[in-house]
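Geometric and topological summary
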Amino acid sequence: MIYFDNSATTVCLPLAAETAKRYMLEQYYNPAAAYSPAVQLERDISLARANIARKLSCDPSEVFFTSCGTESNNTALFGAIRALPSNIRGKGRIIVSATEHPSVYEAAMSLRETGYDVQLAPVDQTGRVRLDALASLLTGDTRLVSIMHVNNESGAINDIDAIYALVKRNSPDALLHVDGVQAFMKEPAVRCDMYSMSGHKLHAPKGVGALYVRKGARVKPYLLGGGQESGFRSGTTNAPGIMAFSAAVSDFSEHRAEYHGSIFAVKKRLFENLSRIRDVRLNGPEIGSGAAHILNMSFMGVRGEVLLNALSEKGLLVSTGSACAAHKRGKNRILNAMGIIGDRQDGAIRFSFSHFNTTAEADTAAQMIEEQVNLLRRFRRR
Ligand code: PLP
């Protein structure tokens, strides 16, 4: 089986799985308890927090563990808005890019229902936010801007440092949130007020994420209760998940250049192989300028879902877009925003890679794809 759907989720690193197992079977205490094994566990979690903070070049007190990227994104949007002073609450503008993941987009849409003027920042054909268009949307009453770091469908990388400067210049009262779920560890750290991360996109188990909140940024907790995470995120601490996340982050950090090189080699090889098939299009940035782990291509005259199913029968697992996106014809919000419509949208497939993939897999996969595309095109013509 060839797994090219690493943007949906990744296999758990054996080291991360073993770490989680140890914290489930041996150090299984509630770190909020007062006895010494629990105090030791609390210390381990502090080390994990400091480890993540180092990768973001921030203070450990600015990192809060959550259950996933979705929770981090929801906390950022709802928490920032709930922290607004009462005289301006329900008024003013929120800007999110047109290609945000549903966990940002749907949160913004629900804030629209409570009175905010929610605007979608347009993107170019590759999926990058257009800075000129964003600049013209930024008003004095803009409260919050949320822009993803790496687009999960096209692999486009937004220039977050430039966006941060723009937001602070045009809308000094606004906070900038960045969904870094597809970018954390894979792209250099950026300047922002909040940054979302998710463990399972980086070979940690599902059920753990984190949110960076800059000291001084006013953001209210989203989950209320026992006051864990310095009162910012209640709920019994997921020690196995957090320790495994930290182990996966350390592994990625130690091998960053090597992993990046091998991931990009697979992407490049698959792209070159697939480019030999007639009537294919690249959706997203030029091969060397997008994220190394994401490749989106359209096979004209073939329906993506049909191709996906045919490939899965043969043992190649890919995606027609975000696992959470609606799979109705012409309804891919992300590709629509990039101006990729009609046949090109219908035939789009997303391939996403990890350092566990090889160029030999890229060769085998390309052969399978070529055979299936030729077959499906023949059927279509009859
Ligand atoms: N943001 C982006 C860009 C994603 O790709 C995803 C998952 O696909 C998420 C957020 C949601 O992350 P999680 O699955 O951890 O909730």
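Now for a description of the structure that goes with this document. (Residues numbered from 1 in each chain as written. Predicted model: local features only at pLDDT ≥ 70, side-chain atom pairs only at ≥ 80, totals over all residues. Heavy atoms only, no water.)

Per the secondary structure count, the protein chain includes 12 helices and 12 strands. In summary, the protein chain has a C-alpha radius of gyration of 21 Å against a globular reference of 21 Å for 382 residues, a match within 12%. When the 382 residues of the protein chain are sorted by exposure, 57% land in the buried category. Considering only contacts in the protein chain between residues 6 or more positions apart, those separated by 24 or more positions represent 73%. Approximately 15,900 Å² of the protein chain is accessible, and the part contributed by carbon and sulfur atoms is 52%. The averaged location of the 37 negative side-chain charges in the protein chain is 4 Å from the averaged location of its 45 positive side-chain charges. (Helix = DSSP H or I, 4+ residues; strand = E, 2+ residues; numbered from the N terminus. Rg over C-alpha atoms; globule rule 2.2 N^0.38 Å. Buried < 20%, exposed > 50% of the residue type's maximum accessible area, 1.4 Å probe, protein only. Contact = heavy atoms within 4.5 Å. Areas by Shrake-Rupley, 256 points an atom, 1.4 Å probe, with all protein chains shown as cover. Lys, Arg positive; Asp, Glu negative; His and termini not counted. Charge placed at Lys NZ, Arg CZ, Asp CG, Glu CD.)

Here we come to the pairing of strand E5 (residues 142-148). Within E5, 7 of the 7 residues are buried, leaving the element largely enclosed by the surrounding structure. Summarising the sheet, strand E3 (residues 93-97) and E5 pair through 4 bridges and their orientation is parallel. What sits directly across from Val96, in E5, is Ser146. In terms of strand pairing, E5 meets strand E6 (residues 175-179) through 5 bridges, oriented parallel. Within the sheet, the bridge partner assigned to Val145 lies in E6 and is Leu176. Once the chain exits E5 it traverses helix H6 (residues 160-170) before rejoining the sheet at E6, and the crossover so formed is right-handed. (Pairing = 2+ DSSP bridges. Right-handed = clockwise from strand over helix to strand, strands pointing away.)

This part takes up empty space enclosed by the protein. Here the structure, examined in full by the defined rule, presents 2 cavities of 30 Å³ or more. Estimated volume of the second largest cavity: approximately 30 Å³. Lining the second largest cavity we find Asn6, Thr10, Lys186, Lys201, Leu202, His203, Phe252, Ile263, Phe353 and Ser354. (1 Å grid on protein atoms, 1.4 Å probe; cavity = no way out; pocket = protein on both sides within 12 Å on 5 of 7 lines; lining within 4 Å. Points joined across faces, edges and corners; volume = space filled by probe spheres on them.)

Once that is clear, we can look at the environment of Leu137. Checked against the element boundaries, Leu137 lands in helix H5 (residues 131-137). Its relative accessible area of 15% is what places Leu137 among the buried residues. Considering only alpha carbons, one finds Leu137 and Val63, 74 residues apart in sequence, at a separation of 30 Å. Sequence-distant contacts of Leu137, that is, excluding residues within four places in its chain, are made with Arg93, Ile95, Gln119, Leu120, Ala121, Pro122 and Thr142.

The next point concerns the packing of helix H1 (residues 14-25) against helix H7 (residues 239-254). Packing of H1 against H7 leaves a shortest axis separation of 8 Å and a crossing angle of 155 degrees. Judged by the angle between their axes, H1 and H7 are roughly antiparallel. The handedness of the crossing between H1 and H7 is right-handed. Here Leu15, Ala16, Thr19, Ala20, Tyr23 and Met24 of H1 come into contact with H7, specifically with Ala239, Pro240, Met243, Ala244, Ala247 and Ala248. (Axes fitted to C-alpha atoms, helices over the stretch in contact; angles between N-to-C directions. Parallel < 35°, antiparallel > 145°, perpendicular 65-115°, else oblique. Left-handed = near helix turned anticlockwise from the far one by under 90°.)

Under the 1.5 Å per step criterion, the end-to-end length of helix H3 (residues 69-82) is 19 Å for 14 residues, consistent within 8% with the ideal 20 Å. The element H3 is extensively covered by neighbouring structure, given that 12 of its 14 residues are classed as buried. Those residues of H3 lying buried are Gly69, Glu71, Ser72, Asn73, Asn74, Thr75, Ala76, Leu77, Phe78, Gly79, Ala80 and Ile81. (Expected span 1.5 Å × (residues − 1).)

What follows deals with the pattern of salt bridges. Counted according to the given criterion, the structure contains 12 salt bridges. Measuring nitrogen to oxygen at the nearest pair gives 3.2 Å for the salt bridge that ties Asp5 to Arg350. Residue Asp5 is located in the loop between strand E1 (2-3) and H1, and its partner Arg350 is located in strand E12 (residues 348-352); the two are separated by 345 residues in the primary sequence. Arg350 shares its class with Asp5; the two are buried. Close ionic contact of Lys168 with Asp193 constitutes a salt bridge, the shortest N to O distance being 2.8 Å. Taken together, the residues Lys168 in helix H6 and Asp193 in the loop between E6 and strand E7 (194-198) connect sequence positions 25 residues apart. Connected through salt bridges with shared partners, the residues Lys168, Asp193 and Arg214 form a single ionic network. (Salt bridge = Lys/Arg side-chain N within 4 Å of Asp/Glu carboxyl O.)

Attention now moves to the sheet that holds strand E9 (residues 280-283). Pairing within the open sheet is antiparallel, and its 3 strands lie in the order E9-E10-E12. Each edge of the open sheet is held by one strand with a lone partner, namely E9 and E12. Between one strand axis and the next, the sheet turns through 30 degrees on average, direction left out of account. The pairing of E9 with strand E10 (residues 294-299) spans 4 bridges and is classified as antiparallel. For Asn283, the partnering residue across the bridge sits in E10 and is Asn296. In the packing of helix H8 (residues 256-275) onto the sheet, contacts are made with E9, E10 and E12, and the angle to E10 comes to roughly 10 degrees.

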